[in-house]
Amino acid sequence: MERTAQVLGCSPNTVKVQSSRALRSLRTDPDLSLFTNREVVP
Amino acid sequence: MTDRYPAPPEGFADFVTARSAALLRSAWLLTGDAGRAEDLLQTVLAGAWRRWSTVVAAGHPEAYLRRALFTTYVSWWRRRWRAEFPAATPPEDTGPSDLARESADRDAVRRALARLSRQQRAIVVLRYVEDPPWNGPPRCWAVRRTR
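What you see as residue numbers is a count from 1 along each chain, following the sequence as written. All chains are assigned letters beginning with A, and all ligands numbers beginning with 1, in the order in which they are written. Two thresholds apply to this predicted model, a pLDDT of at least 70 for residue-level local features and 80 or more for giving and counting side-chain atom pairs, whereas whole-chain, interface and lining totals are computed over all residues. The side-chain quantities take in all heavy atoms of the structure and omit both hydrogens and water.

Here we look at the overall build of chain A
The condition is simple: Helix and strand assignments follow DSSP, with helices taken as H or I runs no shorter than four residues and strands as E runs no shorter than two, numbered in order from the N terminus. Remark: exposure states derive from per-residue accessible area (1.4 Å probe, protein chains only) relative to the maximum for the residue type, with buried under 20%, exposed over 50%, and partly exposed in between.
The helix and strand inventory of chain A stands at three helices and zero strands. Counting from the amino terminus, chain A carries its helices and strands in the arrangement α-α-α. In chain A, which comprises 42 residues, the share counted as buried stands at 33%.

This is the structure:
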């Protein structure tokens, strides 16, 4: 997270807030709902 | 290469040959479009070409290039870059073919990423694709910012 902040030149807190917002919108994204019933291999 | 252009600096061509495919993949995740991904990568490579000795002296050319990729992407406000693609219609049922499913997956990911803000997209790609927490210590981010 600190590296991400460093790369983008913003504060770690911004990274934290923006990534949780981003994940929240991805989680509810209609296009991605097709993945939710499928096994995901990391 | 014609006479009008200077020869690439030492090591530059090898670096491009070895790493541009990986960099292009990151650029694609950011831009969601093959053409713009190439545009972004070209811009960043052109900058690195001009400063290649500095880039090499910093110790990790790929780290430099990746950082440049993200910062350029985030700060690039040229008009045509503002043409983000809003949500299109969902892909049609593509049937059982794996290839079709893969392509639908790609498309879904691209469109979902396109709904995020530019900064959010860069953060997601950086944190979860470039440097996922389950991947152990990062290999190419270990260099300090050199600008």
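A closer look at the packing of aromatic side chains
Residue and element names in this part refer to chain B. Rule in force here: A pair of aromatic rings is counted whenever rings of Phe, Tyr or Trp (Trp by its six-membered ring) have centres within 6.5 Å, and the orientation is called stacked for planes under 30 degrees apart, edge-to-face for over 60 and tilted otherwise.
Inspection of the entire model under this criterion finds three aromatic pairs over all chains. Centroid distance Phe12 to Trp52: 5.1 Å. Interplanar angle 90°. Geometry classified as edge-to-face. Of this pair, Phe12 sits in helix 1 (residues 12-31) while Trp52 sits in helix 3 (residues 52-57); the two residues are 40 residues apart in sequence, bridging distant segments of the chain. Of the residues examined, Phe12 reaches a relative accessible area of 6% and is grouped as buried. What makes Trp52 buried here is its relative accessible area of 5%. Considering the side-chain rings of Phe15 and Trp52, the 5.5 Å spacing of their centres and the 55° angle between planes classify their relative orientation as tilted. Of this pair, Phe15 sits in helix 1 while Trp52 sits in helix 3, and the two are 37 residues apart along the sequence.

So, the environment of Thr28 of chain A
Relative to the assigned elements, Thr28 of chain A resides in the loop between helix 2 (12-27) and helix 3 (33-36). Judged by its relative accessible area of 62%, Thr28 of chain A is exposed.

Describing the packing of helix 1 of chain B against helix 4 (residues 61-75) of chain B
Residues and elements named next belong to chain B. Quick note on the threshold: What counts as an axis is a line fitted to C-alpha atoms, over the stretch in contact for a helix, and the angles between N-to-C directions run from 0 to 180 degrees. Working rule for angles: under 35 degrees goes down as roughly parallel, over 145 as roughly antiparallel, 65 to 115 as roughly perpendicular, anything else as oblique. Handedness of each helix crossing follows the sense of rotation of the near helix against the far helix: counterclockwise by less than a right angle gives left-handed, clockwise gives right-handed. Residue contacts follow a heavy-atom distance rule, with two residues in contact if any of their heavy atoms lie within 4.5 Å.
Between helix 1 and helix 4, whose axes approach to 11 Å, the crossing angle comes to 25°. One way to sum up the angle between helix 1 and helix 4 is to call them roughly parallel. When you trace helix 1 past helix 4, the crossing you get is right-handed. For the pair helix 1 and helix 4, contact is made by Phe15, Arg19, Ala22, Leu23, Ser26, Ala27, Leu30 and Thr31 and by Pro61, Glu62, Leu65, Arg66, Leu69, Phe70 and Tyr73, respectively.

Quick word on the confidence of the model for chain A
Applicable threshold: For every residue, the pLDDT score states the predictor's confidence, bounded by 0 at the bottom and 100 at the top.
Per-residue confidence for chain A averages 79 on the pLDDT scale, and 79% of its residues sit at or above 70. Summarising per-element confidence for chain A, the mean pLDDT is lowest in helix 3 of chain A (66) and highest in helix 2 of chain A (90).

Structural notes on the side chain of Asp29 of chain A
What counts here: Under the rule applied, a polar contact is a pair of N or O atoms within 3.5 Å (in protein, one hydrogen donor and one hydrogen acceptor; residues adjacent in sequence only if both atoms are side-chain atoms).
Looking at where Asp29 of chain A falls in the secondary structure, it is placed in the loop between helix 2 and helix 3. Taking the relative accessible area as the measure of exposure, Asp29 of chain A reaches 4% and is therefore buried. Within polar-contact distance, the side chain of Asp29 of chain A engages the side chain of Arg115 of chain B at 2.4 Å. For Asp29 of chain A, the residues in contact, after removing those within four places along its chain, are Ala112 and Arg115 of chain B.

Some details on the interface of chain A and chain B
To keep it simple, the criterion reads: As a working definition, buried area equals the accessible area (1.4 Å probe) given up by two parts on being put together, with both sides summed. Just to be clear on terms, a salt bridge is a Lys or Arg side-chain nitrogen sitting within 4 Å of an Asp or Glu carboxyl oxygen.
With 24 residues of chain A at the contact, the number on the chain B side is 27 residues. Interface area, chain A with chain B, both sides summed: about 2300 Å², of which 62% is carbon and sulfur. Ranking the residues of chain A by area buried against chain B places Arg3, Val7 and Asp31 of chain A at the top, with a combined share of 28%. At the boundary of chain A with chain B, the tally comes to one salt bridge. On the surface where chain A and chain B come into contact, there are three residue pairs in polar contact (both at pLDDT 80 or more). Secondary-structure elements contributing two or more residues to the side of chain A that touches chain B are helix 1 (2-8), helix 2 and helix 3 of chain A.

Regarding helix 6 (residues 98-114) of chain B
Spelled out, the test is: By this rule the span expected of a helix is its residue count minus one, scaled by 1.5 Å.
Counted at 1.5 Å a residue, the expected span for helix 6 of chain B with its 17 residues is 24 Å, and the 24 Å between its end C-alpha atoms agrees. Among the residues making up helix 6 of chain B, those that are buried are Ala104, Asp105, Ala108, Arg110, Arg111, Ala112, Leu113 and Ala114 of chain B.

Observations concerning the nonpolar core
The line we're drawing: Put simply, a nonpolar core is a bunch of buried Ala, Val, Leu, Ile, Met, Phe, Trp, Tyr and Cys residues held in one set by side-chain atoms that sit within 4.5 Å of each other.
Grouped together as the largest cluster of nonpolar side chains are 39 residues, with contacts concentrated most on Leu8 of chain A together with Leu40, Leu65 and Phe70 of chain B. Of the residues forming this core, the biggest block, seven residues, is contributed by helix 1 of chain B. Beyond its immediate chain neighbours, meaning those up to four positions away, Leu65 of chain B contacts Phe15, Leu23, Val44, Leu45, Ala48, Trp52 and Val55 of chain B.

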